[in-house]
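Structure at a glance
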Amino acid sequence: YTEPAAVLPLEDGDSFVLHRSAEGTAEEIARFSRRDAARFLEMVGEWNSVLKSAHRRWNAGLPAGDDEGSIAYEALRRQSAWDVVHKEFEHEVTRRVLLWMGFATFQPPTRSGSGALPISITSGRLEFGWATPMGGSGALPAALAALIEDHGGHVMVDSAVSRILVSQGRAHGVETHDGRRIPARIAVVSSAHLTTLPGTLGAGAPEGLTAAAA
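Below or above, wherever it landed, is the structure these notes cover. (Residues numbered from 1 in each chain as written. Predicted model: local features only at pLDDT ≥ 70, side-chain atom pairs only at ≥ 80, totals over all residues. Heavy atoms only, no water.)

Another aspect to go through is the environment of leucine 76. Following the sequence through the fold, leucine 76 ends up in helix 3 (residues 68–77). In this structure, the C-alpha to C-alpha distance between leucine 76 and glycine 124, residues 48 residues apart in sequence, is 17 Å. (Helix = DSSP H or I, 4+ residues; strand = E, 2+ residues; numbered from the N terminus.)

Put into structure tokens, the structure is as follows:
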């Protein structure tokens with residue numbers, strides 16, 4: 001769990017350091033705006049005290065509730081990240097950092113409904129940093145491959161699937177781009193994007209899937 005959590009380079013050669021603590025990050029913000037630093041600490045406190053639990057309920061698809069925290073969360077969430085950040089903070093650096101955090105889920109910051117993202121994602125960075133596998137990002141797939149092989153499986157690389165083999169409405173194997181056919185004993189599990197999956201299934205693609213892709 002990294003410390004610092006993240007570093008944002010600035011045009012003048014300086015950089016903004018997001019620490020794994022609200023206080024450390026507020027000190028960094030204070031280099032640019034003491035008002036922003038104070039408001040940042042207030043928002044982190046509001047998030048941890050009442051808004052976080054409402055956010056978890058919303059993420060789980062549970063009823064929002066009618067308590068004060070849930071009402072405040074809904075009011076925050078329904079706004080755009082852009083509007084929240086520009087309303088709450090005055091300095092361009094503070095705004096850039098929090099909009100960058102809010103963009104971590106690849107939602108346009110001007111989209112309504114993204115208002116909670118800047119503080120919610122920043123809160124996660126304050127708590128955990130940016131979780132990174134020991135040995136670098138490549139260590140994670142290497143560990144997963146080792147786990148599969150320890151259980152008798154086999155991992156193939158450079159073997160892109162060009163076609164999923166279908167018979168009587170059931171996927172029973174795959175064909176790779178170089179013509180190899182690999183049978184499936186139990187199932188074919190795919191992470192192919194919805195828009196490409198019907199083409200991979202060919203004539204065996206269910207009508208509902210093809211309609212959804214369209």
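What follows concerns the packing of helix 1 (residues 22–30) against helix 2 (residues 34–59). Running from N to C, helix 1 and helix 2 cross one another at 155 degrees; their axes reach a closest spacing of 7 Å. Overall, the two elements helix 1 and helix 2 adopt an arrangement that is roughly antiparallel. For the pair helix 1 and helix 2, the sense of crossing is right-handed. Of helix 2, the residues touching helix 1 (which contributes Ala22, Glu23, Thr25, Ala26, Ile29 and Ala30) are Arg34, Asp36, Ala37, Phe40, Leu41 and Val44. Residue composition of the contact of helix 1 with helix 2, by class: eight nonpolar, one polar and three charged. (Axes fitted to C-alpha atoms, helices over the stretch in contact; angles between N-to-C directions. Parallel < 35°, antiparallel > 145°, perpendicular 65-115°, else oblique. Left-handed = near helix turned anticlockwise from the far one by under 90°. Contact = heavy atoms within 4.5 Å. Nonpolar A, V, L, I, M, F, W, Y, C, P; charged D, E, K, R; others polar.)

Moving on: the side chain of serine 70. Here serine 70 shows up in helix 3. With relative accessibility at 2%, the residue serine 70 sits in the buried group. Apart from residues lying up to four places away in sequence, serine 70 is in contact with Ala54, Arg57, Ala64 and Gly65. (Buried < 20%, exposed > 50% of the residue type's maximum accessible area, 1.4 Å probe, protein only.)

What follows deals with the sheet that holds strand 5 (residues 181–183). Read across the sheet, three strands follow the order 3-4-5 without closing on themselves; strand pairing throughout is antiparallel. Two strands in the sheet have a free side with no partner beyond their single neighbour: strand 3 (161–167) and strand 5. When strand polarity is set aside, the average angle formed by the axes of neighbouring strands in this sheet is 30 degrees. As paired elements, strand 3 and strand 4 (residues 170–176) share six bridges and run antiparallel to each other. Counterpart to arginine 163 in the pairing with strand 4 is glutamate 175. (Pairing = 2+ DSSP bridges.)

This paragraph deals with the pattern of salt bridges. Taken as a whole and judged by the stated rule, the model has 14 salt bridges. In this structure, the salt-bridge partner of glutamate 175 is arginine 181, at a minimum N-O distance of 3.1 Å. Residue glutamate 175 is classed as buried on the basis of its relative accessible area of 17%. A residue is classified by how much of its surface remains accessible, and arginine 181, at 54% relative accessible area, is exposed. The structure contains a network of salt bridges with shared partners spanning Arg39, Glu42, Glu46 and Glu88. (Salt bridge = Lys/Arg side-chain N within 4 Å of Asp/Glu carboxyl O.)

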